[in-house]
Amino acid sequence: MPVSIEAEKALPRFVELIAQDGDLQDRFNSVDDINSLRNLILSVEPLLTGAALIPLEQATRPPKILVDSGHTSQKIPWRLLRCTGGPLVLQLICLKSNFAIWIEPC
């Protein structure tokens, strides 16, 4: 079952939340393993259940469908993209690791 448009709004809300929160940005910049990433995401937004560490090449590859992009107050690059025929995905390029975050369908 695909994720609803309403549920996908959790991703832009998540970006807004971390974009101005220096403490959260510091925490994302220090993450270097998948378990820490999942725990941090769940502590901020429980709807975001999909997460992966991704190589820099993937995080910087031109997306097919870019929805939005920007930088946090600490200059962490982020972008929301739509996978072809798939979910909305948030990518973050942090100091120790790069992440893809999404909502897994029920």
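Our structure's up above, just so we're on the same page.
Residues numbered from 1 in each chain as written. Predicted model: local features only at pLDDT ≥ 70, side-chain atom pairs only at ≥ 80, totals over all residues. Heavy atoms only, no water.

Enquirer: Which residues make up the sheet that holds strand E2 (residues 66-71), and what values do they have?
Expert: Read across the open sheet, the five strands follow the order E1-E5-E4-E3-E2; overall the sheet is antiparallel. Because the sheet does not close on itself, it has two edges, and the strands there are strand E1 (50-54) and E2. Averaged over neighbouring strand pairs, the angle between their axes works out to 15 degrees when direction is ignored. Helix H4 (residues 34-44) rests against E1 and strand E5 (98-102) of the sheet, and its axis sits at about 140 degrees to E1. (Pairing = 2+ DSSP bridges. Helix = DSSP H or I, 4+ residues; strand = E, 2+ residues; numbered from the N terminus. Axes fitted to C-alpha atoms, helices over the stretch in contact; angles between N-to-C directions. Contact = heavy atoms within 4.5 Å.)

Enquirer: Requested: an account of the environment of Ser30, with residues and values cited.
Expert: Looking at where Ser30 falls in the secondary structure, it is placed in helix H3 (residues 22-30). Look at Ser30 and you get partly exposed, because its relative accessible area is 42%. Separated by 67 residues in the primary sequence, Ser30 and Ser97 have C-alpha atoms spaced 8.2 Å apart. (Buried < 20%, exposed > 50% of the residue type's maximum accessible area, 1.4 Å probe, protein only.)

Enquirer: Help me get a handle on the pattern of salt bridges, residues and values and all.
Expert: Going through the model one piece at a time under the given rule, you end up with three salt bridges. As a salt-bridge pair, Glu6 and Lys9 come within 3.3 Å of each other at their nearest N and O atoms. Judged by relative accessible area, which is 54%, Glu6 ranks as exposed. Looking at Lys9, the relative accessible area reads 39%, which means it is partly exposed. Between Arg82 and Glu8 there is a salt bridge whose closest N-O contact spans 2.8 Å. With a gap of 74 residues between them, Arg82 in strand E3 (residues 77-82) and Glu8 in helix H1 (residues 5-8) connect regions that are remote in the sequence. (Salt bridge = Lys/Arg side-chain N within 4 Å of Asp/Glu carboxyl O.)

Enquirer: Lay out the pairing of strand E4 (residues 88-93) in plain terms, naming residues and giving numbers.
Expert: Where burial is concerned, most of E4 is hidden: five out of the six residues are buried. Sheet topology note: the E3/E4 ladder contains five bridges and is antiparallel. The residue bridging Trp78 from the neighbouring strand is Leu92, located in E4. In this sheet, E5 lies alongside E4 in antiparallel orientation, the contact comprising four bridges. If you follow Leu90 over to E5, its bridge partner there is Ile101. In this antiparallel pair of consecutive strands, E4 and E5, the connection spans four residues.

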